Amino acid sequence: MRLFANMILLMLLLFPGIVFAFGYVDAHGNGSPIPGFNAVSLGLGGARAIGFGDALSILTNPAEIYRIPGTSLTMSIGPAVLVETVEDSSGRNMSNWIALGNLSAAMKFQPDSRLAVAAGIARITDSSFDGIYHIRDGNPGSPYYGEIIETMELTVSGGLYESAAGFSWRPASWINVGLSGGLRFGKVDFDSTYLDRKDPENDTLISWGWDSRSFCWHAGIIIPLSLASLGVSWASPSEHYDGRIAAGAILYTGEFKQGAFGGEIEIIDPGDANELQARIIGQFHPAGSLTFRGAFTFSDRGDEVRRKGIGLALGVGIAFGKLTLNSAYFCSSIDKGGIAFGYTEAEDIKLSSSILSVGLNWNP
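Residue positions within a chain follow its written sequence, with the count starting from 1. Where totals are concerned, whole chains, interfaces and linings use all residues; where local detail is concerned, this predicted model gives features only for residues with pLDDT of at least 70, and gives and counts side-chain atom pairs only at 80 or more. Hydrogens and water are ignored here; the side-chain numbers use all heavy atoms of the structure.

Asks: Where do I start with the overall build of the chain in this structure?
Replies: Where helices and strands are cited, they refer to DSSP runs of H or I of at least four residues and of E of at least two residues respectively, numbered from the N terminus. Helix and strand content of the chain: 2 helices and 17 strands. Note on classification: 1.4 Å probe, protein chains only; a residue is buried when its accessible area is under 20% of the maximum for its type, exposed when over 50%, partly exposed between these limits. For the chain, buried positions account for 50% of its 364 residues. For the chain, the share of sequence-separated contacts (at least 6 apart) that also reach a separation of at least 24 residues comes to 61%. Values of accessible area rely on a 1.4 Å probe in the Shrake-Rupley scheme; residue burial ignores everything except the protein chains shown. Carbon and sulfur atoms make up 64% of the accessible area of the chain, which totals about 16,000 Å². When checking whether two residues touch, look at their non-hydrogen atoms; a contact exists if any pair is within 4.5 Å.

In structure tokens form, the structure reads like this:
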């Protein structure tokens, strides 16, 4: 009877789609968004509405790809390290794992002075998790008292990718408009294990997962001013991915528009969860070959998930002629409510993430 009850608890804790979150798996089974698809955008905290004309803007605000004239190529890759700390009546428990963070590439062309086209692909969410929960004998007088008698383990891997192509058009000197569309795809695999230390015949392995393919599209507007730029972008929702709208502004520190500071507000799942993301970004260009980037981010979700987070991004670019090597580091900490994996009475849940990305931009 106890085995049956524990297996029911295991399924409730592990099955995706339950309204609480555990580990790095999102409350709705959607995984966690990657905060910046390449080294440039990661160094800007994952800015979506405003930027500096990177080709991978085709997946955030396609109107931005018009900003830098000519042809450009961008590629990035990097890992992510996740740490979850749960405090409950038994004390502090920690799980950690490593996952793929950035993986992206995009190419942009300019066939006309008023038109730019681009195509790109990037990893946009991560659903990885690796956690172990031990159940100890709590019956005084039992020969097993205090010993581990049952173990529950969950391993999750996978995430979503997005590939899209589109254009940016400048119908007038004061506005750029952009549109892109493509395929959002990916799969996530779940493996849960139950081990009965007293009776191995009760050991159980349960595996399941999902595979998703759906159309997606992005739209954006950029209003360029003499020493400023305003931007608005939209990303469509799909299965296992929430729609999002962002708006922001940047002020340039010089006529070449390489140094700047600004901010933006993003709303994830507007009309439903209404999760807020705020970013303050900056880019400093002290020399002809060197560029520094940075951002401070804040997130807040006030529904039953009850999670708040802060993040810090730092990035650098070094130019070698037409080739620029970029790197970025993003770290964040999220406080979450609800129930964590295996801990039905969790008092405090913290998730810390660190993402490193390296890449190159080529402007022939």
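Asks: When you look at the side chain of R123 in this model, what are you seeing that I'm missing?
Replies: Looking at the secondary structure, you find R123 in strand β4 (residues 115-123). Polar side-chain contacts of R123 include one of 3.0 Å to the side chain of D126. Within 3.5 Å is the distance limit for a polar contact, defined as a pair of N or O atoms, with the added protein rule that one can donate a hydrogen and the other accept it, and that residues adjacent in sequence qualify only through two side-chain atoms. Engagement of the side chain of R123 in a polar contact is seen with the backbone oxygen of G158, the distance being 3.2 Å.

Asks: Mind showing me how you'd approach a nonpolar patch on the surface here?
Replies: Taken together, the side chains of I280, F296, F298, I310, L312 and L314 present a nonpolar region at the surface, about 560 Å² in accessible area. Mapped by element, the contributors of at least two residues to the nonpolar patch are β14 (290-301) and β15 (307-320). Per element, the largest residue contribution to the nonpolar patch is 3 residues, and it comes from β15. Here I310 shows up in strand β15. Given a relative accessible area of 46%, I310 falls into the partly exposed group. Patches here: salt-bridge-free residues with over 30% relative accessible area, like charges joined within 9 Å, nonpolar side chains (Val, Leu, Ile, Met, Phe, Trp, Tyr) joined within 5 Å. Salt bridge criterion: a side-chain nitrogen from Lys or Arg within 4 Å of a carboxyl oxygen from Asp or Glu.

Asks: What is the right way to read the pattern of salt bridges from this model?
Replies: On inspection of all chains with the given rule, the structure shows 6 salt bridges. Residue E264 pairs with R279 through a salt bridge whose shortest N-O separation is 2.6 Å. Note that E264 is positioned in strand β12 (residues 260-268) and R279 in strand β13 (residues 275-287), a separation of 15 residues in sequence. Beyond isolated ion pairs, a larger network of salt bridges with shared partners links R48, R244, E264, E266 and R279.

Asks: When you look at the side chain of N176 in this model, what are you seeing that I'm missing?
Replies: Along the chain, the position of N176 falls in strand β8 (residues 175-196). With residues near it in sequence (within four places) discarded, N176 still touches A63, Y66, S168, W169, R170, G220, I221, I222 and P224.

Asks: Any chance you could explain the layout of surface pockets here in plain terms?
Replies: One water molecule sets the probe size; rolling that probe over the atoms shows where empty space is left. Using protein atoms alone on a 1 Å grid, points that fit a 1.4 Å probe yet trap it form a cavity, whereas open point sets bounded by protein on both sides within 12 Å along at least five of seven lines form a pocket; residues with an atom within 4 Å of a point count as lining. Grid points are joined across faces, edges and corners, and a volume is the space filled by probe spheres set on the points. In this structure, the largest pocket occupies an estimated 500 Å³ of space. Those elements that provide at least two residues to the lining of the largest pocket are β13, β14, β15 and β16 (323-336). When residues are grouped by polarity, Ala, Val, Leu, Ile, Met, Phe, Trp, Tyr, Cys and Pro land in nonpolar, Asp, Glu, Lys and Arg in charged, and all others, Gly among them, in polar. Classifying every residue of the lining of the largest pocket gives 6 nonpolar, 14 polar and 4 charged.

Asks: What exactly am I supposed to notice about the packing of aromatic side chains here?
Replies: When we look at a pair of aromatic rings, we describe it by the centre distance and by the angle of the planes. What counts as a ring pair is set by centres within 6.5 Å for rings of Phe, Tyr and Trp (its six-membered ring), and what kind of pair is set by the plane angle: stacked under 30 degrees, edge-to-face over 60, tilted for all other angles. Inspection of the entire model under this criterion finds 4 aromatic pairs. Measuring from ring centre to ring centre gives 5.0 Å for W97 and F129, while their planes differ by 70°; the resulting arrangement is edge-to-face. Of this pair, W97 sits in strand β3 (residues 91-112) while F129 sits in strand β6 (residues 129-136), placing them 32 residues apart in sequence. Comparing W97 with F129 shows no difference in burial state: the two are buried.

Asks: Where do I start with the environment of F215 in this structure?
Replies: Tracing the backbone through its elements, the reader meets F215 in strand β9 (residues 204-224). Since its relative accessible area comes to 58%, F215 is described here as exposed. Excluding its chain neighbours within four sequence positions, the residues that come into contact with F215 are G181, G182 and S238.

Asks: Please explain the pairing of β8 as it appears in this structure.
Replies: The two faces of the sheet receive side chains in turn, since in a regular strand these alternate between them. Strands qualify as paired when DSSP identifies two bridges or more between them. As paired strands, strand β7 (residues 148-172) and β8 are joined by 21 bridges and run antiparallel to one another. By the bridge assignment for β8, V156 is matched with F190. As consecutive antiparallel partners, β7 and β8 are separated by 2 residues. Both β8 and β9 contribute to a ladder of 19 bridges, which runs antiparallel. Counterpart to G181 in the pairing with β9 is W217.

Asks: Which parts of the structure should I look at to understand the nonpolar core?
Replies: Generally speaking, soluble globular proteins have nonpolar side chains that are buried together. We call a set of buried Ala, Val, Leu, Ile, Met, Phe, Trp, Tyr and Cys residues a nonpolar core when their side-chain atoms join them within 4.5 Å. Counting 42 residues, the largest nonpolar core has F37, L56, L59, V156, F190 and I281 as its most contacted members. Per-element tally for this core: the top contributor is β7, with 4 residues.

Asks: I keep staring at the environment of Y66 and nothing clicks. Help me out?
Replies: Residue position: Y66 is located in the loop between α2 (39-43) and β2 (72-88). For Y66, a relative accessible area of 11% gives the class buried. In this structure, the C-alpha to C-alpha distance between Y66 and R170, residues 104 residues apart in sequence, is 7.9 Å. Y66 has contacts with Q110, S113, R114, L115, A116, S168, R170 and N176, leaving out every residue within four places of it along the chain. A distance of 2.5 Å separates a polar atom in the side chain of Y66 from the backbone oxygen of S113.

Asks: Explanation requested: unusual backbone geometry in the structure shown.
Replies: Trans peptide bonds make up the majority, and among non-glycine residues the majority have a negative phi. In this structure, D269 is a non-glycine residue whose phi angle is positive, near 60°. Among the secondary structure elements, D269 is positioned in the loop between β12 and β13. Positive phi, normally seen in glycine, also occurs at N274, with a value near 55°.

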